[in-house]
Amino acid sequence: ETFRARGVPWRTTTFAGDPQYTRNNLEWSGYLQDRWSPVSRLLVELGLRHDWDQVVGRQLFAPRLAVTVVPFAGKETKLSGGIGVFYDATNLYAVTRSLDQRQFDTFFNPDGSYAWGPAETVFRTHFGALRAPRVVNWSAGWEQKLPARFSLRTTFLKKGGSRGFTFHNLLREHTATQLA
């Protein structure tokens, strides 16, 4: 139960159904990496990660590339950059909400009288349509050796994510109107 000031009810919530459910996940991965240094001041690293996730049920390939160069013979300056694709591990809590108990909410007016409800909160997961959340990371860096064993380093990192697990309120307009 949720109350307004002075103990006036605002909402009551009840649950129905079995609170016990099980959903397991099996994941496995592997990583291949190769280094190539055509000259002593240049290093190129290529990588490919492969993941498989039982819940998502898809093969996930995540390529990566990193380059490091020391542009001057004195080795006081180092430049680096890279790009990589990363997949998040499946969040079982997010995808199994549909297996948990059903929630019913009843709402009350500011004077404590019945307003509307009970309204059922429904979570649905279409397991066959799940896709793993994906992030592409870009990075660039500069490192400079300074006198007295000091060094200066700066790094730029840009992340762009897509396909994240989220919840959509299908009754958004109805709920906003009723609560206003």
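What this report covers is the structure whose coordinates are included nearby. Just so it is clear, the model here is predicted, and its values are computed rather than measured. (Residues numbered from 1 in each chain as written. Predicted model: local features only at pLDDT ≥ 70, side-chain atom pairs only at ≥ 80, totals over all residues. Heavy atoms only, no water.)

1. Some thoughts on the environment of A140
- Its place among the elements puts A140 in strand β9 (residues 134-146).
- For A140, a relative accessible area of 35% translates into the label partly exposed.
- Taking the C-alpha atoms as reference points, A140 and P71, separated by 69 residues in sequence, lie 15 Å from one another.
- Other than its neighbours up to four places away in sequence, A140 contacts S80, G81, T154, T155 and F156. (Helix = DSSP H or I, 4+ residues; strand = E, 2+ residues; numbered from the N terminus. Buried < 20%, exposed > 50% of the residue type's maximum accessible area, 1.4 Å probe, protein only. Contact = heavy atoms within 4.5 Å.)

2. Section: the sheet that holds strand β2 (residues 9-16)
- The 4 strands are arranged β1-β2-β7-β8 in an open sheet whose pairing can be described as antiparallel. Here the strands that pair on one side only, and so sit at the sheet edges, are β1 (2-3) and β8 (114-121).
- Here strand β7 (residues 102-108) runs beside β8; their pairing, made up of 5 bridges, is antiparallel. The partner of D105 across the bridge, within β8, is A119. (Pairing = 2+ DSSP bridges.)

3. A closer look at the side chain of D105
- Within the secondary structure layout, D105 lies in strand β7.
- For D105, a relative accessible area of 4% gives the class buried.
- Among the polar contacts listed, one links the side chain of D105 to the side chain of T13, at a separation of 2.5 Å.
- Of the polar contacts made by the side chain of D105, one reaches the side chain of Q103; its length is 2.9 Å.
- The contact partners of D105, leaving out residues within four places of it in the chain, are R11, T12, T13, G117, P118, A119 and T121. (Polar contact = N/O pair within 3.5 Å; in protein donor to acceptor, adjacent residues only side chain to side chain.)

4. Focus: unusual backbone geometry
- Following G117, the chain continues into P118 via a peptide bond in cis, with omega recorded as 5°.
- Within the element layout of this structure, P118 appears in strand β8.
- Of note in this structure, R6 is not a glycine but carries a positive phi near 65°.
- You can see R6 is positioned in the loop between β1 and β2.
- Residues other than glycine seldom take positive phi values, yet R149 does so here, at roughly 60°.

5. What about the sheet that holds strand β5 (residues 58-69)?
- Spatially, β3-β4-β5-β6-β9-β10 is the arrangement adopted by the 6 strands of the open sheet, whose pairing is antiparallel. Each edge of the sheet is formed by a strand with only one pairing partner; in this case those strands are β3 (27-36) and β10 (150-162). Put simply, the sheet's adjacent strands are angled 10° from each other on average, direction ignored.
- Pairing of β3 with strand β4 (residues 42-53), which is carried by 10 bridges, proceeds in the antiparallel orientation. Within β4, the residue paired with E27 across the bridge is D53. (Axes fitted to C-alpha atoms, helices over the stretch in contact; angles between N-to-C directions.)

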